[in-house]
Amino acid sequence: MKALTWQGKRDVRVETVPDPRIEEPTDAVIRVTSTGLCGSDLHLYEVLTPFMTPGDILGHEPMGIVEEVGAAVPDLQVGDRVVVPFQIACGNCWMCLTGLPTQCETTQVTAEGMGAALFGYTRLYGAVPGAQAEYLRVPQAQYGPIKVPEGPADDRFVYLSDVLPTAWQAVAYAEVPQGGSVAVLGLGPIGDMACRIAQVKGAGRVFGVDLVPERLRRAKARGVETFDLRSFDDEKELVEAIRDQTDGRGPDAVIDAVGTEAHGSAAARMVQNASALLPRKISGPMAERFSVDRLAALYTAIDLVRRGGTISLSGVYGGMADPMPMLTLFDKQIQMRMGQANVRRWSDEIIPYLTDEDPLGVDDFATHRVTLDEAPEAYDMFQKKRDGAVKVLIKP
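What counts and how
Residues numbered from 1 in each chain as written. Predicted model: local features only at pLDDT ≥ 70, side-chain atom pairs only at ≥ 80, totals over all residues. Heavy atoms only, no water. Pairing = 2+ DSSP bridges. Helix = DSSP H or I, 4+ residues; strand = E, 2+ residues; numbered from the N terminus. Axes fitted to C-alpha atoms, helices over the stretch in contact; angles between N-to-C directions. Contact = heavy atoms within 4.5 Å. Parallel < 35°, antiparallel > 145°, perpendicular 65-115°, else oblique. Nonpolar A, V, L, I, M, F, W, Y, C, P; charged D, E, K, R; others polar. UniProt positions renumbered as here; feature names shortened; annotations may be inferred. Core = buried A, V, L, I, M, F, W, Y, C linked by side-chain atoms within 4.5 Å. Buried < 20%, exposed > 50% of the residue type's maximum accessible area, 1.4 Å probe, protein only. Domains from an automatic or database assignment. Disulfide = S-S within 2.5 Å.

## Let's talk about the sheet that holds strand β9 (residues 181-185)
Read across the sheet, six strands follow the order β11-β10-β9-β12-β13-β14 without closing on themselves; strand pairing throughout is parallel. Both outer strands of the open sheet, β11 (225-228) and β14 (335-338), are each paired with one neighbouring strand and no more. On average, adjacent strands in this sheet sit at an angle of 20 degrees to one another, irrespective of strand direction. Here four bridges tie strand β13 (residues 310-313) to β14, and the two strands are oriented parallel to one another. Paired with Ser 312 across the strands is Arg 337, a residue of β14. Packing of helix α5 (residues 213-221) onto the sheet brings it into contact with β10 (205-210) and β11, and relative to β11 it is tilted by some 165 degrees.

Printed below as a string of structure tokens:
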């Protein structure tokens, strides 16, 4: 089959690789009909190179048709249409039963000290072959795949793999009061969808911050009060502008949907880039112990949120030596929640919104659709924020 493989920093290629097969009784194999290009994939493309191996198959946002089913997968049949969550979880360990499949005790990558294995995402998360491919082996298929009906186009359901549950959890963790206010930093796919979910869940005011014109226009068209970061001399001016809209206090909650790719801290970027250039035997251990993030978005969130408010982190951070303003966090009595989205924890709550009325706007959420052969160029486009790229779907 053809699959998109990682070959080095900013170097991804479509190659012919062996077809996946059933290896365990709890496996299934699907033919991928749609798969997303995620902002997290750009971390592999740019930042997390010390943890990658040339030939790794990328991607973690798939849906498709079941082609084969293992003997211990009773609820799937060949021909079923399914969405596959980005994390791999068993569904019956203590963590899964507690609603934390990202911490699944069956698939935890204990050798690396990490949580549940993920599709297409570095050796830290198991180096499981990913979903930007024609076919995908799905471990723990007795629990993970979400069956969806025939009829609507893939766009209706494909975001159940990652975008929808990640944004849903971001809003749930933010604990926005009914009629309250939330600011979303970063209007990429997760931030954009978090704004939409906050609105349908009863937030009174939703503020969106970004510096990409197309993203700002999309959010504004759906009733988000947008702030263009380029219009301010620094983050302090931005914070004051939003405080002016919230009786001087700041919003009840802030969702950081940016993570370590924030535009700030040239020094942190230099450290990231330097580690990527080191020999692999050195760069991996160095990144695990001494890596730092570019924390501009998080620092802005801490400054912006009202006293006693909540910060919800959905943007990915990977630093192990990040300086944190503990005095401010303590003095402002800020609550902070974070983590990979627990897809199956939220999927049943989300599905009723995937109706023909389409309150979340999933049917036209994608800005670009490309073939698998066009995926390398799509990575470059998405990373450079060219051509209005907000969400890219790949059709193998």
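Okay, back to it.
## Examining the packing of helix α3 (residues 163-174) against helix α11 (residues 343-350)
One way to put it is that α3 packs onto α11 with a least axis distance of 9 Å and a crossing angle of 90 degrees. In terms of orientation, α3 and α11 fall into the roughly perpendicular class. Mapping the contact onto sequence places Leu 164, Pro 165, Trp 168, Gln 169, Ala 172 and Tyr 173 in α3 and Val 343, Trp 346, Glu 349 and Ile 350 in α11. Grouping the amino acids of the contact of α3 with α11 by side-chain chemistry returns eight nonpolar, one polar and one charged.

## As for the UniProt feature "domain: Alcohol dehydrogenase-like N-terminal" (unreviewed entry) in the protein
According to UniProt, the feature "domain: Alcohol dehydrogenase-like N-terminal" (unreviewed entry) maps to residues 25-146 in the numbering used here. Taken as a whole, residues 25-146 contains 10% helix and 23% strand, while its terminal C-alpha atoms sit 18 Å from one another.

## Topic: the nonpolar core
Residues Leu 58, Tyr 159, Leu 164, Val 182, Met 193, Ile 255 and Tyr 379 are the most contacted members of the largest nonpolar core, which totals 71 residues. The element contributing the most residues to this core is α3, with eight residues. Taken domain by domain, the makeup of this core includes at least three residues from each of domain 1 (2-161 + 342-394) and domain 2 (164-338). Not counting residues within four places of it along the chain, the set of residues in contact with Tyr 379 comprises Leu 4, Val 12, Leu 37, Asp 41, Leu 42, Tyr 45, Leu 58 and Gln 132. The next biggest cluster of nonpolar side chains, apart from the first, holds 22 residues, and it includes Leu 295, Leu 304, Ile 311 and Ile 334.

## Remarks on the pairing of β13
The alternating pattern of β13 places Thr 310 and Ser 312 on one face and Ile 311 and Leu 313 on the opposite face, and all of these are buried. Pairing between strand β12 (residues 253-256) and β13: four bridges, direction parallel. For Val 254, the partnering residue across the bridge sits in β13 and is Ile 311.

## Description of the state of the cysteines
By the definition in use, this model includes zero disulfides. No disulfide involves Cys 93; its sulfur sits 3.6 Å from the nearest other cysteine sulfur, which is in Cys 96. Left without a disulfide partner, Cys 195 is nearest to the cysteine sulfur of Cys 38, which lies 17 Å away. With a relative accessible area of 1%, Cys 195 lands in the buried category.

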